[in-house]
Amino acid sequence: MVVSNSHLKYVFSLTIVLSIAVAVLWYQRVYAQPLAPDSFDPSIIGGNEVTITEQERRGLVQVGGGCSGVLLSNDSVLTAGHCISNHHNPTSVVVTANWGTSANRTRAARSIYKFADFNEVRGADLALVYLESPFQVFGAISGYNVQLNLAEPNSLLNTTVAAFGLGLNQLPDVGFGTWRTANLTISGTDGRIFHYPTNSNGQMIAPGDSGGPDFIGSKLTGIHSGVYSECADNSTPAACKATITRIHGGFSVSIPAMKSAIQAVRVTNWDSNRNTYWLDVFSDEINATRYGWSNQNDVNEVEWGLAFRAANEMCFNRGFIGGHFSGHVVLEHDLHGLVCGGPGAVWYDATQAEIQATGYGFLDTNLTHWAHANRAATALCEGFERGFVGGHFNGHQFNGRYGLICYSDGAQWFDVTRSEYSDLGYDILDVNLTHWAYAMRAANDFCVSKGFVGGYMNGHQLDGRFGTVCQGNSSSSDSGLAATLAVDYTTGAPGSYFQVTGRGFTPNSQETLLANGVSLGSVQTDVDGSFTVVLSTYFADIGSYWLSTETPSAPLEIHLHMSSEVRPRSNHSQMELLLSADRAIHRLYMPVVQR
């Protein structure tokens, strides 16, 4: 870490406005070099206030309780990815405008595409939020569209942007909630981001401005992501965030660098409440995952581990648990079939020992045939004894753990004969000698012919029959599950208490609560089929925990990290369950291994 004059330099993610402010979310990467003292005065960090009319013209909105955002259209918003803590529960995100009538100022999200969090190498710090109903802009609920800047990213150097945000305007925590603007000059570009220093008036974006827009004229050019700052108390990240003394500069996600990916996502539709969903995606979105294959559009030339990482990212970014390509490609229209799994699917990080115990062990997904890996995945998912029909690895691996997606609701195993596949135009002799994309096409076509949304081969074969798992049975609950879970907080520090509420279960019955597939204990439902339990994390490790029940219900994610608050126990009369210390999922992504 770089320390200068007893001040620790941090790179912070912003959480709202134009000035200097404190971040709702932050990132503790250190600023690269000590900066020489300058004449920056923290008492003059605010920008000029933005009128209500200008807010409406620019489509300026607040996202959640502490982020800025900008309308792309009447019913879609672009903001920073780190502003969205749980895109698997989009209706929890509320978007608010200061303009319009009182009845027109608030909208809930219906779906969210989260490219990545702050400074994640897997993608840009962006989130595309679709609203349940459109905002009325100057009296109309349609026709509003913001123009994206289509310039070359490097051409932005030394140009001036009008930056907007509603964060703090005086250190350490004064002025949040008022839209302000200032002109900032881009001093450097770096891939998906561009940088700018404090201007001559001492104005700069601040933590709190996250998700706010940068405009050049009427063209949306950037979305605020973070700042370079110093603090007086660097004992903990929270203390540093509360005692920022200087902000030297900021950076935004470059819209010119991300325009193709944004447009590729905007032309797709999905519903993450469905247990299985098929959609067609474009190569610009695939390549934005960092697991793309550039101009090579033919999936028949791509290794399965790379393709599955890309597919899983695109499904996960949409709020699904994971997914896979269907193997189908329409090259003339740049369409790639994608099958995503939602409620009824679970992401589990399997250990190398667990994989070896299946009898189908391997060390590296990039060096393993897909059929062999799928046989291991099937054994693992079935071994959980939670009604999973099967599963597949998602291509991610790190430190001896391997991402695994298991499927239950709406899934069914078929032993498909060679003649059945032949009737569909596929000649399958040996899955161990078959390319994954060819096998995927065969499985998907069979499953669709049986009334399912899609499917895949599980790698098993015997006497001319091939194990095939079909997903999304039309007779199953395709619009989500009746049983639901809710939690009072989705993030907290270890030692926090979470109140978990279940509804829609069998009345007056015992229900088992699970964390990452492991039982935490049983709870009693009441006459209405509901229950409430307090979850203690006193002995839990940092990481992600997916909460679910033995009765099929949409999984719910909570995340423990040291930068969050310790959530106190709010209900002392409810039953308490203890979250175990060794079941955390650490979502780490490995780079592509070249062979």
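Check the entry above for the structure.
Residues numbered from 1 in each chain as written. Predicted model: local features only at pLDDT ≥ 70, side-chain atom pairs only at ≥ 80, totals over all residues. Heavy atoms only, no water.

### Looking at the overall build of the protein chain
Item 1. Secondary structure assignment for the protein chain yields nine helices and 36 strands.
Item 2. Taking all 595 residues of the protein chain together, the buried fraction comes to 57%.
Item 3. Put simply, of all contacts in the protein chain between residues at least 6 apart along the chain, 68% involve residues at least 24 apart.
Item 4. Summed over its atoms, the accessible surface of the protein chain is roughly 22,800 Å², and 49% of this surface lies on carbon and sulfur atoms. (Helix = DSSP H or I, 4+ residues; strand = E, 2+ residues; numbered from the N terminus. Buried < 20%, exposed > 50% of the residue type's maximum accessible area, 1.4 Å probe, protein only. Contact = heavy atoms within 4.5 Å. Areas by Shrake-Rupley, 256 points an atom, 1.4 Å probe, with all protein chains shown as cover.)

### What to know about the sheet that holds strand β10 (residues 127-131)
Item 1. Pairing within the closed barrel is antiparallel, and its six strands lie in the order β5-β6-β7-β10-β9-β8. Taking the axes of each pair of neighbouring strands and ignoring which way they run, one obtains an average angle of 40° across the sheet.
Item 2. With three bridges joining them, strand β6 (residues 67-73) and strand β7 (residues 76-79) adopt antiparallel strand pairing. Along β7, the bridge assignment pairs Leu71 with Val77.
Item 3. In this fold helix α3 (residues 255-266) packs onto β6, β7, β9 (106-114) and β10, with an angle of close to 40° to the strand it touches most, β10. (Pairing = 2+ DSSP bridges. Axes fitted to C-alpha atoms, helices over the stretch in contact; angles between N-to-C directions.)

### Quick notes on the environment of Asn183
Item 1. Looking at the element boundaries, Asn183 is found in strand β13 (residues 180-185).
Item 2. When the C-alpha atoms of Asn183 and Asn199 are compared, they prove to be 7.5 Å apart, with 16 residues separating the residues in sequence.
Item 3. Residues contacting Asn183, with those up to four places away along its chain left out, are Thr160, Val161, Ala162 and Asn199.

### Observations regarding the sheet that holds strand β33 (residues 531-536)
Item 1. Judged by pairing direction, the sheet is mixed, and its four strands sit side by side in the order β28-β30-β33-β36 without closing on themselves. Two strands bound the open sheet, and with one partner strand each, they are β28 (484-487) and β36 (576-578). Averaged over all pairs of adjacent strands, the angle between strand axes in this sheet comes to 30°, irrespective of strand direction.

### Focus on the state of the cysteines
Item 1. Throughout the structure, instances matching the rule amount to four disulfides.
Item 2. What pairs with Cys67 in a disulfide is Cys83, and their sulfur atoms sit 2.0 Å apart. Between Cys67 and Cys83 the disulfide shows an S-S torsion of about -85°. By sign, it is left-handed. Of this pair, Cys67 sits in strand β6 while Cys83 sits in the loop between β7 and β8 (94-96), and the two are 16 residues apart along the sequence.
Item 3. Overall, the relative accessible area of 16% leaves Cys83 in the buried class.
Item 4. Each sulfur in the disulfide pair Cys447 and Cys470 lies 2.1 Å from the other. (Disulfide = S-S within 2.5 Å.)

### Some details on a nonpolar patch on the surface
Item 1. Together, Tyr538, Phe539 and Leu578 line one region of the surface with nonpolar side chains, adding up to about 360 Å² of accessible area.
Item 2. By the element assignment, Leu578 lies in strand β36.
Item 3. Take Leu578: its relative accessible area is 42%, and that puts it in the partly exposed class. (Patch = residues over 30% accessible without salt bridge, like charges linked within 9 Å, V, L, I, M, F, W, Y side chains within 5 Å. Salt bridge = Lys/Arg side-chain N within 4 Å of Asp/Glu carboxyl O.)

### As for the pattern of salt bridges
Item 1. The final tally for this structure, using the stated rule, is nine salt bridges.
Item 2. Taking the shortest distance from any N to any O, the salt bridge between Glu54 and Arg58 comes out at 3.0 Å. Of the two residues, Glu54 and Arg58 are both situated in helix α1 (residues 52-58); the distance of four residues between them amounts to about one turn of the helix.
Item 3. Two residues, Glu285 and Arg318, come together in a salt bridge whose shortest N-O distance is 2.6 Å. On the criterion of sequence distance, the pair formed by Glu285 in helix α4 (residues 283-288) and Arg318 in the loop between α5 (304-317) and β20 (322-330) is long-range, its members being 33 residues apart. One exposure class covers both Glu285 and Arg318, and it is buried.
Item 4. Beyond isolated ion pairs, a larger network of salt bridges with shared partners links Glu54, Arg57 and Arg58.

### Considerations on the pairing of strand β34 (residues 543-549)
Item 1. Counting buried residues in β34 gives seven out of seven residues, a clear majority hidden from the surface.
Item 2. Pairing between strand β31 (residues 510-515) and β34: three bridges, direction antiparallel. If you follow Ala515 over to β34, its bridge partner there is Leu547.

### Focus: helix α7 (residues 370-383)
Item 1. In this model, α7 (14 residues) spans 20 Å end to end at C-alpha, consistent with the 20 Å of a helix rising 1.5 Å per residue.
Item 2. With 10 of 14 residues buried, α7 lies mostly within the body of the structure.
Item 3. Once α7 finishes, Glu385 follows within two positions and takes phi at roughly 55°, a positive value. (Expected span 1.5 Å × (residues − 1).)

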